[in-house]
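# Close look at the chain arrangement
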Amino acid sequence: MAGTVLVTGGTGYIAGELIKQLLAKGWTIHTTVRSKAKSEAALFERFGQPGEKLKVFEADLMSDSGWAEANAGCSHVAHVASPLSTKTPKDENEMIVPAREGTLRALRFAKAAGVTRFVQTSSIAAIAYGRHEREYTVTEADWTNVDDPDVTPYAKSKTIAERAARDWVAAEGGDLEFVSVNPVLVLGPVDSADFSPSVQPIKLLLSGSVPRAPDIGFGVVDTRDVADLHVRCLETPGLAGERFIAAGKFMKMIDVADALRSGLSAPQSRKLPSKTMPAWMASVFMLINAEFRSIKNEIGKVRHSDASHAEKVLGWKTRPVEESIVDCGRSLIEHGVVKI
Ligand code: NAP
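Below is a summary of the structure that appears in this document. Just so it is clear, the model here is predicted, and its values are computed rather than measured.

### Observations regarding the packing of aromatic side chains
Applying the stated rule across the entire model yields 1 aromatic pair. On the basis of an interplanar angle of 20 degrees and a centroid distance of 6.1 Å, the ring pair of Phe-118 and Phe-178 is categorised as stacked. Placement of the pair is Phe-118 in strand E5 (residues 117–121) and Phe-178 in strand E7 (residues 177–183), with a sequence separation of 60 residues. As far as the burial class goes, Phe-118 and Phe-178 line up, both buried. One residue, Arg-163, lies across the ring of Trp-143, its end atom 4.1 Å from the ring centre.

### A word on the site of the ligand
The environment of the ligand is made up of 26 residues, and the closest members are Thr-11, Arg-34, Val-80, Tyr-154 and Ser-196. At 2.6 Å, a side-chain N or O of Tyr-154 approaches an oxygen atom of the ligand. Protein burial of the ligand: of its 890 Å² of free accessible surface, 86% is covered by the chains. Across the shell around the ligand, the residue classes tally to 14 nonpolar, 9 polar and 3 charged.

### What to know about the pairing of strand E10 (residues 243–246)
With burial as the criterion, each face of E10 is covered, one bearing Arg-243 and Ile-245 and the other bearing Phe-244 and Ala-246. Of the pairings in the sheet, the one linking E7 to E10 comprises 4 bridges and is parallel in character. Note on E10: the bridge partner recorded for Ser-180 is Arg-243.

### Looking at the sheet that holds strand E9 (residues 217–222)
Strand order in the open sheet made by the 3 strands is E8-E9-E11, with mixed pairing throughout. Two strands bound the open sheet, and with one partner strand each, they are strand E8 (185–187) and strand E11 (250–252). Across the sheet, the axes of successive neighbouring strands diverge by a mean angle of 50 degrees, strand direction being ignored. For E8 and E9, the ladder comprises 3 bridges, and the chain directions are parallel. What sits directly across from Leu-185, in E9, is Val-220. The sheet contacts of helix H8 (residues 253–263) involve E9 and E11, and relative to E11 the element is tilted by about 90 degrees.

### A word on the pattern of salt bridges
A side chain with one charge can pair with a side chain of the opposite charge if their charged atoms come near. Throughout the structure, instances matching the rule amount to 23 salt bridges. Where Glu-298 meets Arg-303, a salt bridge forms, and the shortest distance between an N and an O atom there is 2.9 Å. Here Glu-298 and Arg-303 have matching classes, each one buried. Through salt bridges with shared partners, one network takes in Asp-222, Arg-224, Asp-225, Arg-319, Glu-323, Asp-327 and Arg-330.

What counts and what doesn't
- Residues numbered from 1 in each chain as written.
- Predicted model: local features only at pLDDT ≥ 70, side-chain atom pairs only at ≥ 80, totals over all residues.
- Heavy atoms only, no water.
- Phe/Tyr/Trp six-rings, centres within 6.5 Å; stacked < 30°, edge-to-face > 60°.
- Helix = DSSP H or I, 4+ residues; strand = E, 2+ residues; numbered from the N terminus.
- Buried < 20%, exposed > 50% of the residue type's maximum accessible area, 1.4 Å probe, protein only.
- Lys NZ or Arg CZ within 6 Å of the ring centre and 35° of its normal.
- Near = heavy atom within 4 Å.
- Polar contact = N/O pair within 3.5 Å; in protein donor to acceptor, adjacent residues only side chain to side chain.
- Areas by Shrake-Rupley, 256 points an atom, 1.4 Å probe, with all protein chains shown as cover.
- Nonpolar A, V, L, I, M, F, W, Y, C, P; charged D, E, K, R; others polar.
- Pairing = 2+ DSSP bridges.
- Axes fitted to C-alpha atoms, helices over the stretch in contact; angles between N-to-C directions.
- Contact = heavy atoms within 4.5 Å.
- Salt bridge = Lys/Arg side-chain N within 4 Å of Asp/Glu carboxyl O.

Here you go:
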């Protein structure tokens with residue numbers, strides 16, 4: 001199956017891999033960027049496909065401008081763009097408003113253009129947070145509790161955006177089929193020195209920025225497999241309302257460091273921590289480093305994500321997380337993001 005699909009946020013880590021896979025399957029791609037002047041030439045160079053198969057449109061999540069043109073002629077939309085940052089914004093609305101308004105804008109223009117399938121890149125952040133157990137497993141039936149004071153602006157933005165999308169589709173979507181993909185932390189090779197905030201933990205570990213690995217962890221999934229799940233969600237009939245967790249296994253930071261050590265050369269891995277940070281050292285780091293304070297509530301938590309629904313319904317699987325971690329680390333070194 002191939003037609004014309006709009007992929008929003010074409011400059012992004014996940015969107016880039018998705019565009020690559022969709023082009024390989026014969027789809028015609030429309031993609032949005034915030035600035036054509038900054039991004040169009042690089043996208044054409046990366047995909048080698050200017051003109052008929054790849055068209056670039058300027059559209060911001062916060063403005064109607066460009067969205068009608070971007071959707072014209074599309075039967076499918078993968079709405080990937082959303083604010084991400086390594087820094088916690090002072091005002092949570094800097095993330096929440098573009099995530100929610102951008103998703104609703106993308107939905108409205110998609111429906112007006114006659115789009116039949118809309119796949120939103122949501123997140124495990126919309127599923128797994130605002131809980132106080134030390135170890136638990138989440139499924140697609142769970143939702144993040146945005147009223148919990150420990151929930152980050154990013155997790156709120158993804159939860160509120162997905163809920164708003166589902167409410168809008170139920171009330172006004174008509175025949176538009178909505179599906180969400182909810183990945184855990186996405187790793188895998190980066191294509192350039194311009195990378196997603198999600199690869200930050202690998203960068204921190206390889207560059208020796210932390211003397212010991214903080215006692216935190218995350219589920220890991222490969223960007224190539226997340227893109228593949230999006231393709232399946234675009235192409236498989238009868239998925240209206242579906243929600244799919246995209247996840248491999250949960251890894252503590254020390255396990256990630258060990259995976260990098262096993263897969264990279266000795267000089268590449270020489271700055272990796274080999275021990276977990278004791279609680280007293282974590283407390284000192286929190287006193288002196290604002291970013292570290294933001295992970296305070298993550299210390300000691302183990303959050304498993306059950307991805308069996310995507311496997312059962314779509315035959316989807318992700319590769320071993322060690323491969324995603326090592327490929328990510330190697331590519332960060334190759335692109336000069338990490339100096340060793
Ligand atoms: P990324 O590389 O930072 O890409 C984010 C994209 O969103 C960029 O293309 C960015 O455009 C665009 N964007 C941000 N704010 C925008 C705005 N106001 N208007 C228009 N475009 C805007 O991040 P990614 O990792 O690929 O993430 C893509 C999606 O996956 C997001 O929805 C994210 O929440 C979701 N997700 C990611 C992960 C992960 O671990 N990476 C996990 C779960 C879910 P610019 O280039 O102009 O900034």
